[in-house]
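# Reading the structure
Chain residues, written in single-letter form:
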Amino acid sequence: MTPEEQDLIMDLAFVPGVGRTRTIDEVLAHFGESDGGTLALRLLRDAMERRDADDVEMALILHAAAGASVEEFMEPLIELFPAEWHRDHEDIVRMLGRLRSPETVPTLVLATHWVPEHLDWDENRALAVKAIWALGAIPGPETRDALEGLRDDGNEIIRENALNQLARRGEL
């Protein structure tokens with residue numbers, strides 16, 4: 001993606017007090033596409049192939065601005081999550097959480113234990129907390145088992161959040 005195309009997509013990002021400075025239709029017209037979700041998925045896969053962190057971010061911005069479905073993004077997001085070369089781990093966990101799919105459980109559990117280098121400073125473990133809350137919304141025994149495994153974690157933040165989710169689900 002060119003710097004101009006990145007700027008075009010950045011104009012879709014909502015800025016408090018300003019709003020968006022570009023419409024999704026303008027961006028789609030530039031790329032010669034009619035569907036924002038299709039374009040975002042194509043750009044995401046391209047960014048993954050080239051290992052381009054900035055373009056991953058642009059694809060996720062476009063996805064959100066287009067109001068695209070998350071379902072078709074599940075497989076690439078699961079593949080992308082553990083990669084160290086990008087900075088969108090929290091956004092990926094949020095998107096996977098919206099799916100409420102048992103297929104996302106292993107990735108969300110990984111997000112409770114693994115701290116990407118760019119988040120190493122976060123003593124509050126925001127990534128892990130987001131993943132635990134996402135797990136809490138997924139029905140099924142594999143999710144319950146994952147949360148029960150986390151309630152004995154050595155990290156107090158992880159333990160407390162796992163216990164909160166188990167209690168919220170009525171599984172304590």
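Computed from a predicted model, the values in this text were never measured in an experiment. (Residues numbered from 1 in each chain as written. Predicted model: local features only at pLDDT ≥ 70, side-chain atom pairs only at ≥ 80, totals over all residues. Heavy atoms only, no water.)

## Some remarks on the pattern of salt bridges
What the rule picks out here adds up to twelve salt bridges. When the shortest N-O distance is used, the salt bridge between Glu 33 and Arg 42 registers 3.4 Å. Of the charged contacts, one joins Glu 57 and Arg 87 as a salt bridge, the two residues approaching to 3.6 Å between their closest N and O atoms. Highlighted residues: Glu 57 in helix H4 (residues 53–66) and Arg 87 in the loop between helix H5 (74–80) and helix H6 (89–99), separated in sequence by 30 residues. (Salt bridge = Lys/Arg side-chain N within 4 Å of Asp/Glu carboxyl O. Helix = DSSP H or I, 4+ residues; strand = E, 2+ residues; numbered from the N terminus.)

## What to know about the packing of H6 against helix H8 (residues 126–136)
Contact geometry of H6 with H8 gives a least axis separation of 9 Å together with a crossing angle of 5 degrees. It follows that H6 is roughly parallel to H8 by the angle criterion. Only Ala 126, Leu 127, Lys 130, Ala 131 and Ala 134 of H8 make contact with H6, whose side of the interface consists of His 89, Glu 90, Val 93 and Gly 97. A per-class count over the contact of H6 with H8 returns five nonpolar, two polar and two charged. (Axes fitted to C-alpha atoms, helices over the stretch in contact; angles between N-to-C directions. Parallel < 35°, antiparallel > 145°, perpendicular 65-115°, else oblique. Contact = heavy atoms within 4.5 Å. Nonpolar A, V, L, I, M, F, W, Y, C, P; charged D, E, K, R; others polar.)

Geometry only, nothing functional implied.
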